[in-house]
Amino acid sequence: MTIDIASSAMPLIADFIPDGATSTEHDGRIRTTLRVSHYHGLKRLATRMSGVMTVVAPPSAREAVADWARSGVDRYRKEMR
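Residues numbered from 1 in each chain as written. Predicted model: local features only at pLDDT ≥ 70, side-chain atom pairs only at ≥ 80, totals over all residues. Heavy atoms only, no water.

Considering the pattern of salt bridges
Phase 1: Within this structure, the stated rule accounts for 2 salt bridges.
Phase 2: D67 is paired through a salt bridge with R70; the nearest N and O atoms lie 2.5 Å apart. Taken as a pair, D67 and R70 lie in helix α3 (residues 59-80) at a separation of 3 residues, close to a single helical turn.
Phase 3: Look at D67 and you get partly exposed, because its relative accessible area is 35%. (Salt bridge = Lys/Arg side-chain N within 4 Å of Asp/Glu carboxyl O. Helix = DSSP H or I, 4+ residues; strand = E, 2+ residues; numbered from the N terminus. Buried < 20%, exposed > 50% of the residue type's maximum accessible area, 1.4 Å probe, protein only.)

Some remarks on the packing of helix α2 (residues 39-48) against α3
Phase 1: Relative orientation of the contacting elements α2 and α3 amounts to 60 degrees, with a least axis distance of 10 Å. In terms of axis orientation, α2 runs oblique to α3. The two elements α2 and α3 meet at a crossing, and its hand is right-handed. Packed against α2, whose contacting residues are Y39, L42, K43, A46 and T47, the element α3 presents S60, A61, A64, V65 and W68 at the interface.
Phase 2: Of the residues that constitute the contact of α2 with α3, the class distribution is 7 nonpolar, 2 polar and 1 charged. (Axes fitted to C-alpha atoms, helices over the stretch in contact; angles between N-to-C directions. Parallel < 35°, antiparallel > 145°, perpendicular 65-115°, else oblique. Left-handed = near helix turned anticlockwise from the far one by under 90°. Contact = heavy atoms within 4.5 Å. Nonpolar A, V, L, I, M, F, W, Y, C, P; charged D, E, K, R; others polar.)

Side note on the pairing of strand β1 (residues 2-6)
Phase 1: With 4 of 5 residues buried, β1 lies mostly within the body of the structure.
Phase 2: Alignment of β1 against strand β3 (residues 29-33), held across 5 bridges, turns out to be antiparallel. Its bridge partner being in β3, I3 is matched across the sheet by T32. (Pairing = 2+ DSSP bridges.)

Focus: the side chain of T32
Phase 1: Relative to the elements of secondary structure, T32 occurs in strand β3.
Phase 2: T32 sits in the buried class, given a relative accessible area of 1%.
Phase 3: A polar contact is formed between the side chain of T32 and the side chain of S23, at a distance of 2.8 Å.
Phase 4: If we skip the residues at most four places from it in the chain, T32 touches M1, T2, I3, M10, I17, A21, T22 and S23. (Polar contact = N/O pair within 3.5 Å; in protein donor to acceptor, adjacent residues only side chain to side chain.)

What about the UniProt feature "domain: WCX" (unreviewed entry) in the protein chain?
Phase 1: Using the residue numbers shown here, the UniProt feature "domain: WCX" (unreviewed entry) corresponds to residues 2-70.
Phase 2: Split by type, residues 2-70 is 38% helix and 26% strand. Its first and last C-alpha atoms lie 21 Å apart. (UniProt positions renumbered as here; feature names shortened; annotations may be inferred.)

Following this line, the structure appears as structure tokens:
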């Protein structure tokens with residue numbers, strides 16, 4: 001999948017970047033590809049990289065992360081009532 005990440009966080013995800021992956025830098029952010037075995041692993045990674053990483057593609061990966069985040073917010077709102 002494709003992500004944008006702050007250049008300062010690249011060392012934290014180095015193990016997820018496949019050999020031969022191309023990366024481009026723009027305005028302090030790097031667009032690169034990641035290798036994860038399933039979307040559950042991606043959601044966990046996105047949690048750890050909140051604010052510094054954005055899932056760009058494929059759309060199904062973006063949707064999986066967005067759905068996971070929405071369900072967390074919904075759960076929080078229910079507990080606050």
